[in-house]
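# Fold and geometry: a report
What follows is the residue order along each chain.
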Amino acid sequence: MGYQRFPAPDVLTDVIDHVWLVDSAPLPSLRQEILIPNGRPGLAIALADPGTRHDPVTGAEWPNAASVFGIMTRPQVIAQVGTSSYAGVEFTPWGLAALGLPALVDEVRGLADWVGPDTAAGLVAELRSEPFGSARAERLAGFLAARTAATAVPPIVAEAVRAIDELRGQVAVADVVRRCGTSYSTLYRVFRKYVGIGPKQYAEIIRYYHFVGGLLGGPADAAATLSALHGYYDQAHAARDFKRYTGVSATSFLAVQNGIAALMHGRSVQDG
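Okay, so let's go over this structure. What you are looking at is a predicted structure, and each value in this text was computed from that prediction instead of being measured. (Residues numbered from 1 in each chain as written. Predicted model: local features only at pLDDT ≥ 70, side-chain atom pairs only at ≥ 80, totals over all residues. Heavy atoms only, no water.)

Here the focus is the pairing of strand β6 (residues 61-64). Pairing of strand β5 (residues 51-54) with β6 involves four bridges; the strand directions are antiparallel. Across the sheet, the residue bridging to His54 is Glu61, located in β6. Connecting the antiparallel pair β5 and β6 is a turn made up of six residues, with Gly59 showing a positive phi of about 85°. (Pairing = 2+ DSSP bridges. Helix = DSSP H or I, 4+ residues; strand = E, 2+ residues; numbered from the N terminus.)

In structure tokens:
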């Protein structure tokens, strides 16, 4: 399986974290991956056989064809069979607002609903015409750059995100408020408007994202060690949170997760 990641061009650094591409040989049988919340909305465009995206809490399922995904507060599962080829982006937490879109949380919107079916189909054709690599990524970035809205995201939103990301979620909201030089009520209202969730929930997601990343890269008995390293009071607390954000136990997750889950976690923007 091929996976490539490209930095955002200068004109889009406030909108997207990076552009990514995935290509793989045809899959003879169904393959499923658990997607862990990471505090970022995204865009995924299928250039071959579209898979599906499933919310195990609500039971909702969407085609993983050409869609904008909001910030997740719980795990989702992607399923794929056939030829897998995707182009996509990981937005900044406020990136949808910068594109004039509403902040989405645990929601999926079709790309065609945003730009219209003809434009969406045209983009898919353009991306298919480019080889796997930088030219394809640049084509997708150019499409987004042409649609960047004039919406100005308040600086305290970006500053709050930096404060939380730098400490991997292990920071009190009161400390974030002080760093931003504002009041709690103002930060909550503005953060929720542009990101879709409050700063406390965002910090919880980021903290847990790094906890899962450590588990992916650690030994089979990593839960007890990581619970101490990541600020958990005890292993039971860590286990409860693990199931909350992955939908399965830590043991089950280690048994079913495979290469792409670890690969994409390891290359995410939050890793420092």
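Let's pick the thread back up.
Glancing now at helix α5 (residues 155-166). Over its twelve residues, α5 extends 16 Å from the first C-alpha to the last, a length consistent with the 16 Å expected when each residue adds 1.5 Å. For α5, every residue scored as buried is listed here: Ile156, Val157, Ala158, Ala160, Val161, Ala163, Ile164 and Asp165. Phi for Arg168, located one or two positions after α5, is positive at around 50°. (Expected span 1.5 Å × (residues − 1). Buried < 20%, exposed > 50% of the residue type's maximum accessible area, 1.4 Å probe, protein only.)

Let us look at helix α7 (residues 184-195). Because each turn of an α-helix spans 3.6 residues, side chains separated by three or four positions end up pointing in the same direction. Spanning twelve residues, α7 covers 16 Å between terminal C-alpha atoms, matching the ideal 16 Å at 1.5 Å per step. Restricting attention to buried positions, one finds in α7 the residues Leu187, Val190, Phe191, Tyr194 and Val195. The arc enclosing the buried residues of α7, seen along the axis, measures out at 105°, which places them on a common side. Relative to its buried face, α7 has exposed residues pointing more than 90 degrees away, namely Ser185, Arg189 and Lys193. (Arc of directions from axis to C-beta.)

Moving on, we get to the pattern of salt bridges. For side chains of opposite charge, pairing can occur when their charged atoms come near one another. Overall, the coordinates contain twelve salt bridges when judged by the stated rule. Here Glu33 makes a salt bridge to Arg31, at a shortest N to O gap of 2.9 Å. The shortest N-O distance in the salt bridge between Asp106 and Arg74 comes to 3.2 Å. Of this pair, Asp106 sits in the loop between α1 (95-98) and β10 (108-110) while Arg74 sits in the loop between β7 (66-69) and β8 (76-82), and the two are 32 residues apart along the sequence. Through salt bridges that share partners, Glu159, Arg162, Glu166 and Arg179 make up one connected network. (Salt bridge = Lys/Arg side-chain N within 4 Å of Asp/Glu carboxyl O.)

A few words now on the sheet that holds strand β2 (residues 16-23). In spatial order, the strands read β1-β2-β9-β4-β7-β10; together these six strands make up an open sheet with antiparallel pairing. Taken across any chain shown, the strands that pair with only one partner, and hence form the sheet edges, are β1 (2-7) and β10. Each strand axis lies, on average, 20° off the axis of its neighbour in the sheet, ignoring direction. Relative to β7, strand β4 (residues 42-46) is paired through four bridges, and the arrangement is antiparallel. (Axes fitted to C-alpha atoms, helices over the stretch in contact; angles between N-to-C directions.)

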